[in-house]
Amino acid sequence: MGVLDGVAARVAGGATVEFRPSGSSMVPLIRSRQPVVVAPVDPTKLELGDIVLARVAGAVYLHLVSAVDPARRRVQISNNRGRVNGWTSHDRVFGICLSVDGSPRAGAAHKTRAAEAG
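Residues numbered from 1 in each chain as written. Predicted model: local features only at pLDDT ≥ 70, side-chain atom pairs only at ≥ 80, totals over all residues. Heavy atoms only, no water.

Caption draft 1: How the structure looks around the overall build of the protein. From N to C terminus, the protein includes 2 helices and 8 strands. When the helices and strands of the protein are listed from N to C terminus, the series reads α-β-β-β-β-β-β-β-β-α. Overall, the protein is about 35 × 30 × 30 Å in size when its C-alpha atoms are taken along their principal axes. When burial is assessed residue by residue, the protein has 43% of its 118 residues classed as buried. Counting only contacts in the protein whose residues sit at least 6 apart along the sequence, the fraction spanning at least 24 positions is 51%. On the protein, roughly 6,100 Å² of surface is accessible, and the fraction owed to carbon and sulfur atoms is 50%. (Helix = DSSP H or I, 4+ residues; strand = E, 2+ residues; numbered from the N terminus. Buried < 20%, exposed > 50% of the residue type's maximum accessible area, 1.4 Å probe, protein only. Contact = heavy atoms within 4.5 Å. Areas by Shrake-Rupley, 256 points an atom, 1.4 Å probe, with all protein chains shown as cover.)

Caption draft 2: Fine view of the pairing of strand 7 (residues 93-100). Counting buried residues along strand 7, 7 of its 8 residues qualify, which places the element largely inside the surrounding structure. Both strand 3 (residues 51-56) and strand 7 contribute to a ladder of 3 bridges, which runs antiparallel. By the bridge assignment, Ala 54 is partnered in strand 7 with Val 93. In terms of strand pairing, strand 7 meets strand 8 (residues 103-104) through 2 bridges, oriented antiparallel. From the neighbouring strand, Val 100 faces strand 8, where its bridge partner is Ser 103. Counted between consecutive antiparallel strands, the loop separating strand 7 from strand 8 contains 2 residues, among which Asp 101 sits at a positive phi close to 55 degrees. (Pairing = 2+ DSSP bridges.)

Set out below in structure tokens:
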């Protein structure tokens, strides 16, 4: 089980989590080891360009929403370098990135499950 699997389990359980993902697939939006905050998401509110924590074909990614298919209740996940990871169902999208290195992501806070309830 990788680091992102553990984070995904915590977020799926309702926690807002701060962590430092590693890798270069999201540069310049997220640089390796920059702190990010991820909160549980209402996947029906997702839009192109949102950064989400999602499971695609068995792997967990902190990547971009590159397409939405509301009729099939799924989103397409891609990195910031043009690689498409694939489609995943709403129930496999665990969280949305609220901030990167302390800078809020525009519109993300209104897409959390907490925002849905209140």
